[in-house]
Every structure is written in structure tokens, then in C-alpha cells.
Amino acid sequence: MSPLLSVEDLVVSYGGLRAVDGVSFTVDEGTTLAIVGESGCGKSSVANALVRLVTPESGRVVLDGVDIARMPERTLRPLRRKIQMVFQDPYGSLDPHLTAGRIVAEPLSGLSRAARDKEAARLLDLVRLPAGIAERRPAELSGGQRQRVGIARALATSPRLLVCDEATSALDVSVQARVLELLTELQAEQGLTYLFISHNLGVVREISSRIVVMRAGVIVESGTTADVLASPTHEYTRRLRRAALDPTTMRGVKPRELVAQR
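Note that the coordinates shown come from a computational prediction; the quantities given were computed from them, not determined experimentally. (Residues numbered from 1 in each chain as written. Predicted model: local features only at pLDDT ≥ 70, side-chain atom pairs only at ≥ 80, totals over all residues. Heavy atoms only, no water.)

## Overview of the sheet that holds strand β7 (residues 161-165)
The strand order across the open sheet built from 6 strands is β6-β7-β8-β3-β9-β10, with neighbouring strands paired in mixed fashion. At either margin of the open sheet sits one strand with a lone partner, and together these are β6 (83-86) and β10 (218-224). Averaged over neighbouring strand pairs, the angle between their axes works out to 20 degrees when direction is ignored. Each of β3 (32-36) and β8 (193-198) is contacted by helix α6 (residues 173-190), which is oriented at about 160 degrees to β8, the strand it contacts most. Of the strands in this sheet, β9 (210-215) and β10 touch helix α9 (residues 235-244), which is tilted by about 105 degrees from β9. (Pairing = 2+ DSSP bridges. Helix = DSSP H or I, 4+ residues; strand = E, 2+ residues; numbered from the N terminus. Axes fitted to C-alpha atoms, helices over the stretch in contact; angles between N-to-C directions. Contact = heavy atoms within 4.5 Å.)

As C-alpha cells, this is what we get:
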């Protein structure tokens with residue numbers, strides 16, 4: 001069976017600066033692939049290219065058998081429903097003037113107002129938010145609630161693939177854990193596929209089955225998450241792992257398996 005997403009020799013440049021330099025990987029349907037690395041390594045540029053917030057300089061992004069890498073916007077528009085992004089900032093990514101219900105209903109333009117409201121309520125319930133949230137604006141919500149609204153909005157188009165770009169990094173540790181639990185439950189219930197972008201190895205250990213490590217725009221190591229985190233072969237990955245095990249630098253959910261190896 002072909003992978004849901006296949007990225008081949010992806011190159012992304014900004015004004016002559018090559019942020020992503022020949023990156024290739026695949027994501028099988030119903031699984032989670034994590035891309036990890038320090039700030040500036042190119043992982044968010046990969047995410048932006050996949051959802052076409054930027055157009056790659058070259059390479060292929062094959063989603064469900066169709067190469068969308070440089071597809072014209074008019075042709076791409078109906079395919080955008082298959083791939084959605086959950087952004088890092090759960091406040092900045094939501095329109096502060098709209099209620100949560102209106103935010104989630106925005107992608108449902110083909111339905112009647114009543115049908116949109118009903119579907120928005122269903123989606124908010126799906127991400128474990130109480131009914132009253134629909135009438136509140138982002139400023140009235142906690143960070144975790146805002147991120148759940150963002151996830152509900154992303155799910156409104158019934159996507160095949162969710163790209164989560166540092167989707168928990170702006171949240172407190174306890175809230176991170178609950179959002180990760182929600183994403184895991186939604187994957188099991190809805191058959192979702194995730195590409196999870198993160199700098200946090202603790203979070204990655206909790207959510208992904210496979211991992212890609214990026215540095216300076218290229219992939220330096222990849223494999224199953226358990227193998228790469230237990231026995232990294234590249235010095236850069238070993239450095240990331242050491243930092244993750246340092247209580248003074250670690251953020252997010254601390255992986256018990258890694259701590260036991262210390």
C-alpha cells in the first residue's frame with residue numbers, strides 16, 4: 001500500500017537561503033511521524049511547504065497519490081481539505097472577534113447556517129469541550145481550550161492528514177499532556193494521520209511511532225522513535241537527547257523510558 005504522504009527531495013528557499021535541502025520521507029496512513037530539531041533547522045519550513053503556505057523550490061509532495069508541491073492554487077484548492085495544520089500559538093491562530101463556534105464553522109461554507117452550527121457543535125464535542133464554549137471568544141478561553149478549538153477547526157474539512165507544528169509548545173506541561181492524549185484518542189477514533197513538528201523529545205516520545213531528525217535543513221537521522229531515542233547514531237541526536245534528559249532544559253512530558261536509562 002502506498003503511503004498517504006510521500007515527500008521527495010524537497011527544497012525550500014527564502015531569498016536565496018536554502019532552509020530545506022533535499023528532504024525525503026513518507027508517512028503511512030493512520031500513523032504519526034515526528035520531525036524534530038532545534039529552532040532554525042527547517043522543520044517548520046517543511047510543514048509550511050506541505051500545506052502550501054510556501055511553495056517549494058523543487059521536489060515532490062505526493063498526498064494521496066497527487067503531487068501538490070507546485071500545483072496552481074486553483075487546482076490545489078479542493079485538495080486542501082485533505083491536509084490541515086494545527087498551529088503553535090493557540091491564541092494568535094484564532095480570530096479574536098469570532099466565537100469558538102463561528103471559528104470552527106468557518107471551513108464549512110457549503111452548508112446552511114443551521115447545519116454549520118450543528119457540525120461545529122459536534123466538532124467541539126469531539127475535542128472534549130463543553131457546549132457553552134461555542135459562544136465564547138478566544139480571550140475567554142484557556143490556552144488548552146484554544147488549542148482544542150484549533151484542532152476542531154482543522155477537523156472541520158475531514159482531513160486525511162493533520163500537520164501539527166509545535167502544537168503543544170505554547171502550553172503548560174499538564175495541558176500539553178491532555179492535548180497529546182486527545183490527539184492520540186482522535187487518531188484511534190477517526191483514523192487520522194499526523195505529521196508532528198517539535199523540538200521536544202519528551203512530547204515526541206509520547207505521540208509518534210517514527211521520527212526524523214533535522215539539522216541545518218537536512219535529515220541527519222531517522223527510524224522508529226523507540227530506536228532513535230534509545231540508541232541515537234548521530235552526535236546531533238545524542239546532543240538533543242542529553243538536553244531532553246537535563247531537568248533544567250527539558251520542557252513538556254518527561255518520557256519515563258528515557259529517564260530510566262539515565
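## Overview of the UniProt feature "domain: ABC transporter" (unreviewed entry) in the protein chain
UniProt feature "domain: ABC transporter" (unreviewed entry): in the numbering of this structure it lies at residues 5-241. From the first C-alpha to the last, residues 5-241 spans 27 Å; its make-up is 35% helix and 26% strand. (UniProt positions renumbered as here; feature names shortened; annotations may be inferred.)

## Details of the pairing of strand β2 (residues 17-27)
Looking along a regular strand, one sees side chains alternate from face to face of the sheet. When strand β1 (residues 5-14) meets β2, the two strands line up antiparallel, connected through 8 bridges. Directly across from Y14, in β2, lies its bridge partner L17. Linking β1 to β2, which pair antiparallel, is a turn of 2 residues; within it G15 sits at a positive phi near 55 degrees.

## Quick look at unusual backbone geometry
Positive phi, close to 50 degrees, is recorded for D9, a residue that is not glycine. Inspection of the secondary structure assignment puts D9 in strand β1. Overall, D9 belongs to the exposed group, its relative accessible area being 52%. Of note in this structure, E166 is not a glycine but carries a positive phi near 50 degrees. (Buried < 20%, exposed > 50% of the residue type's maximum accessible area, 1.4 Å probe, protein only.)

## Quick word on the domain arrangement of the protein chain
One frequently used descriptor of interface size is the decrease in accessible area upon assembly of the parts. In terms of domains, the protein chain is made up of domain 1 (5-82 + 159-245) and domain 2 (95-158). Across the boundary between the two partners, domain 1 contributes 16 residues, which contact 14 residues of domain 2. Summing the contributions of domain 1 and of domain 2, the shared interface buries around 1200 Å²; its carbon and sulfur component is 64%. Considering only the side of domain 1, the residues that lose the most area to domain 2 are R81, P159 and L182, jointly responsible for 40% of the buried surface there. Here R128 and E185 are joined by a salt bridge, their closest N and O atoms 2.9 Å apart. In this structure, the connection of domain 1 to domain 2 is made through 4 residue pairs in polar contact (both at pLDDT 80 or more). (Domains from an automatic or database assignment. Buried area = accessible area lost by both parts, 1.4 Å probe. Salt bridge = Lys/Arg side-chain N within 4 Å of Asp/Glu carboxyl O. Polar contact = N/O pair within 3.5 Å; in protein donor to acceptor, adjacent residues only side chain to side chain.)

## Re the nonpolar core
With 37 residues, the main nonpolar core has V127, V149, I151, L155, L162 and L186 as its most contacted residues. Where this core is concerned, the elements lending two or more residues are α3 (100-105), α4 (113-126), α5 (143-155), β7, α6, β8 and α7 (201-207). A per-element tally of this core places α6 first, with 6 residues. Formed jointly, this core draws a minimum of three residues from each of two domains, domain 1 (5-82 + 159-245) and domain 2 (95-158). Among all residues touching L186, those that are not within four sequence positions of it are L126, V127, R128, I151, L155, G191, L192 and Y194. One finds V27, A47, V51 and L195 within the second-largest nonpolar core, a separate group that totals 34 residues. (Core = buried A, V, L, I, M, F, W, Y, C linked by side-chain atoms within 4.5 Å.)

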